[in-house]
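Here are the chains, one letter per residue:
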Amino acid sequence: MKTIRKQSYLAATLAMLLLAGCGILAAQTTYTAASADLIAIDVLLEPNQAMLDKANASNARLRANYSAGYALDATHAPHVTMLQRYVRVKDLDAVTTALTKLFATEQPTELQLKAKGYEYTVWSGVAVTIFVVERTPELMRLQQKVSDTVAPFSVSNGTAAAFIDTPSNSEIVGYVEQFVPKSSGEHYFPHVTLGVAHEDFVKQLKSAPFEPFAFAPKGVAVYQLGNFGTASKKLWEYQPQPLASWNDGAAKQSILDFVHRVTTEGSPDFVPVPERIATFDNDGTLWCEEPLPVQLFFVLDRVKALAPQHPEWQTTEPYASVLKGDLKGVAAGGERAILELVMATHAGMTTTEFEQIVNDWIATAKNPKTGRLFTEMTFQPMLELLAYLRANGFRTYIVSGGGVEFMRPWAQRVYGIPPEQVVGSSIKTKFELRDGKPVLVRLPELDFNDNNGGKAVGINEYIGRRPIAAFGNSTGDKEMLQYTQDGSGARFELLVLHDDASRDFAYGPARGLPNVPLVHFTPELDEYAKQNGWTVVSTKNDWSRVYAFDAITQVAAQK
């Protein structure tokens, strides 16, 4: 019989919860700072109602089988532990400050989690039962970042005095000591504890068909550990501030006011949830597009990779300029030359093959000016805006001139936007049978150009609802914002103006900013936005930081 006895964390923690639930805890004593220099903490995810409902239903079944079991309540609240550590009492504020900064960047409530099935371990003759949580890359990454964040404050040689109650089982004292590395990183085993029952009943429960279900964290908290490792006393919880990387000002307030109006029942501007559609351009709006749009760097790398198969490219434009590293020569060819490069590098393969090529490239590709991964150069304020809108019932879409099949492989991981909510330019594809298997083959012919007026067309064809909010950064987005504004009811339009040369790239040519190839925020667009009441965001003045790796500016810190 396969059980989870080999999972030391699970065996220790669930067994301790079992003993707590059976009512054999030591008498509770209130922790005070004077009782010890160290405190045992649990950094955990608090699940949303989807998990709570499932957990409570399973707990009721367990208690029906084993009446001496425990109910899920304030002292046995369902949660997903991320980290257990000893820290100094005097450092607790510093720990929570560091975690606040981390979670403002990582946005843990945006995680998409899944319960995969039941598992159990036997302790004192009964089965401690859990939901096993899928180890997604995003969850594993967050667990590691939480561990790294708390590491500077973690200390060794914790004792029973670090707990709410004096542990009657000494195993937990050593377990917290060894959580890193024995139960973290590659050994991390996420789960939600459900309760206890007789083993034969849990065996049947586990063997029955299980429908995996999705859930999400509703928050993050730090608890002090109690007897048997229970999360006994909440010391702190993360309370995200909307748009934390936006400076207070007219731009931020316009967003907050709009969302408040359209989500407040009884408001004359209230919009039902199904109609809360927000569309975002990608390049220059959600991530950096300088010194060239990211997909163009992908094209250039693909030309170099394919060049050995095409010796004629050495003397044929625009390929020759690419192979010489002459980007000005490439840009001189305009959209025609770029389209030719795209067709030569994006076609002639199946959609599955192309997706793998994109995934392999985006995993390591870096901006040549900053040395950062392109996926690191997403605008932190816009990530917060996406999260804020989704928290208020919006569905967020990408509507970009970039290739739809270039963006879909990574959009959910980077932005939290699933592939079916990505609209972009596309090339024609055809159905074929290869070795008896159906495939879609990409052809060297443009099918749809999702730029300028094409964005409004794409929204109509692929979304089917007119957005009530739209976000862009250039003349290529103007028609999308016009189409959004022309709808009935409350509407919101926003343009990002890149005017911060020190933390980002500055370009216009509006307001005397440099004029760069391929991307244009013109004085005419600036004036049109002003006349039509669109919000124009200054990256220099309205954003306290541009990227997640930026330090928050001193002005924002003082505020």
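Above this text is the structure in question.
Residues numbered from 1 in each chain as written. Predicted model: local features only at pLDDT ≥ 70, side-chain atom pairs only at ≥ 80, totals over all residues. Heavy atoms only, no water.

> Would you mind going over the overall build of the chain in detail, with residue names and values included?
Helix and strand content of the chain: 19 helices and 15 strands. In summary, the chain has a C-alpha radius of gyration of 27 Å against a globular reference of 24 Å for 559 residues, a match within 12%. The dimensions of the chain, computed from C-alpha atoms along their principal axes, are 80 × 60 × 45 Å. Within the chain, the proportion of its 559 residues that are buried is 54%. A sequence separation of at least 24 residues applies to 73% of the contacts in the chain between residues at least 6 apart. A total of about 24,500 Å² of accessible surface is found on the chain, and carbon and sulfur atoms cover 50% of it. Here the chain contributes 52 positively and 61 negatively charged side chains, and the mean placements of these two sets differ by 4 Å. (Helix = DSSP H or I, 4+ residues; strand = E, 2+ residues; numbered from the N terminus. Rg over C-alpha atoms; globule rule 2.2 N^0.38 Å. Buried < 20%, exposed > 50% of the residue type's maximum accessible area, 1.4 Å probe, protein only. Contact = heavy atoms within 4.5 Å. Areas by Shrake-Rupley, 256 points an atom, 1.4 Å probe, with all protein chains shown as cover. Lys, Arg positive; Asp, Glu negative; His and termini not counted. Charge placed at Lys NZ, Arg CZ, Asp CG, Glu CD.)

> How would you summarise helix α12 (residues 334-346) if you had to cite specific residues and measurements?
One turn of the α-helix equals 3.6 residues, which is why residues spaced by three or four share an orientation. Along its 13 residues, α12 runs 18 Å from first to last C-alpha, staying within 8% of the 18 Å computed at 1.5 Å per residue. Among all positions of α12, only Ala337, Ile338, Leu341, Val342, Met343, Thr345 and His346 are buried. Its buried side turned inward, α12 meets α9 (294-306), α10 (319-324), α11 (327-332), α13 (351-362), β11 (422-434) and β12 (437-448). (Expected span 1.5 Å × (residues − 1).)

> So what's going on with the packing of α9 against α13? Which residues, and what values?
The geometry of a pair of packed helices is captured by two quantities: the angle between their axes and the separation between those axes. In contact at an axis separation of 12 Å, α9 and α13 are set at 105° when each is read in the N-to-C sense. Judged on the interaxial angle alone, α13 and α9 are roughly perpendicular. Facing α9, whose interface residues are Val294, Phe297, Phe298, Asp301 and Arg302, α13 presents Phe354, Ile357, Val358 and Trp361. Partitioning the contact of α9 with α13 into residue classes produces seven nonpolar, no polar and two charged. (Axes fitted to C-alpha atoms, helices over the stretch in contact; angles between N-to-C directions. Parallel < 35°, antiparallel > 145°, perpendicular 65-115°, else oblique. Nonpolar A, V, L, I, M, F, W, Y, C, P; charged D, E, K, R; others polar.)

> Let's hear about the sheet that holds strand β4 (residues 126-133): which residues, and what values?
Taken in spatial order, the four strands of this open sheet run β5-β4-β3-β6, and their pairing is antiparallel. Only two strands of the sheet have a single neighbouring strand rather than two, namely β5 (191-197) and β6 (213-215). Recorded for the sheet is a direction-independent mean angle of 40° between the axes of neighbouring strands. Pairing geometry for β4 and β5, over six bridges, is antiparallel. Residue pairing across strands places Phe131 opposite Val192, the latter belonging to β5. Across the sheet, helix α2 (residues 49-65) touches β3 (113-123), β4, β5 and β6, and the angle it forms with β5 is around 20°. (Pairing = 2+ DSSP bridges.)

> Just give me the short version of the packing of α2 against helix α7 (residues 199-207), but keep the residues and values in it.
α7 packs onto α2 with a crossing angle of 145° between their chain directions and a minimal axis gap of 10 Å. The handedness of the crossing between α2 and α7 is right-handed. In this structure, α2 contributes Arg61, Leu62 and Asn65 to the contact, and α7 contributes Phe201, Val202 and Leu205. Of the residues in the contact of α2 with α7, the class split is four nonpolar, one polar and one charged. (Left-handed = near helix turned anticlockwise from the far one by under 90°.)

> Any details on the packing of aromatic side chains? Residues and values, ideally.
Inspection of the entire model under this criterion finds 29 aromatic pairs. Ring centres 6.1 Å apart and planes at 80° place the aromatic pair Tyr86 and Phe163 in the edge-to-face group. Placement of Tyr86 in strand β2 (residues 80-88) and of Phe163 in the loop between α4 (137-150) and α5 (171-177) is noted, with a sequence separation of 77 residues between them. Of the two residues, Tyr86 and Phe163, neither departs from the other in class, the shared state being buried. Measuring from centroid to centroid gives 5.6 Å for Phe379 and Tyr547, while their planes differ by 35°, and the two rings are tilted. Residue Phe379 is found in the loop between α13 and α14 (380-391), and its partner Tyr547 is found in the loop between β15 (535-538) and α19 (554-558); the two are separated by 168 residues along the sequence. A single burial state applies to Phe379 and to Tyr547, both of which are buried. Among the aromatic side chains, those forming a connected cluster through ring pairs are Trp287, Phe297, Phe298, Phe354, Trp361, Phe374, Phe406, Trp410 and Tyr415. In this arrangement the basic side chain of Lys54 is found over the ring face of Phe213, its NZ or CZ atom lying 5.3 Å from the centre. Residue placement shows Arg372 over the ring face of Phe549; its charged tip is 3.9 Å from the ring centre. (Phe/Tyr/Trp six-rings, centres within 6.5 Å; stacked < 30°, edge-to-face > 60°. Lys NZ or Arg CZ within 6 Å of the ring centre and 35° of its normal.)

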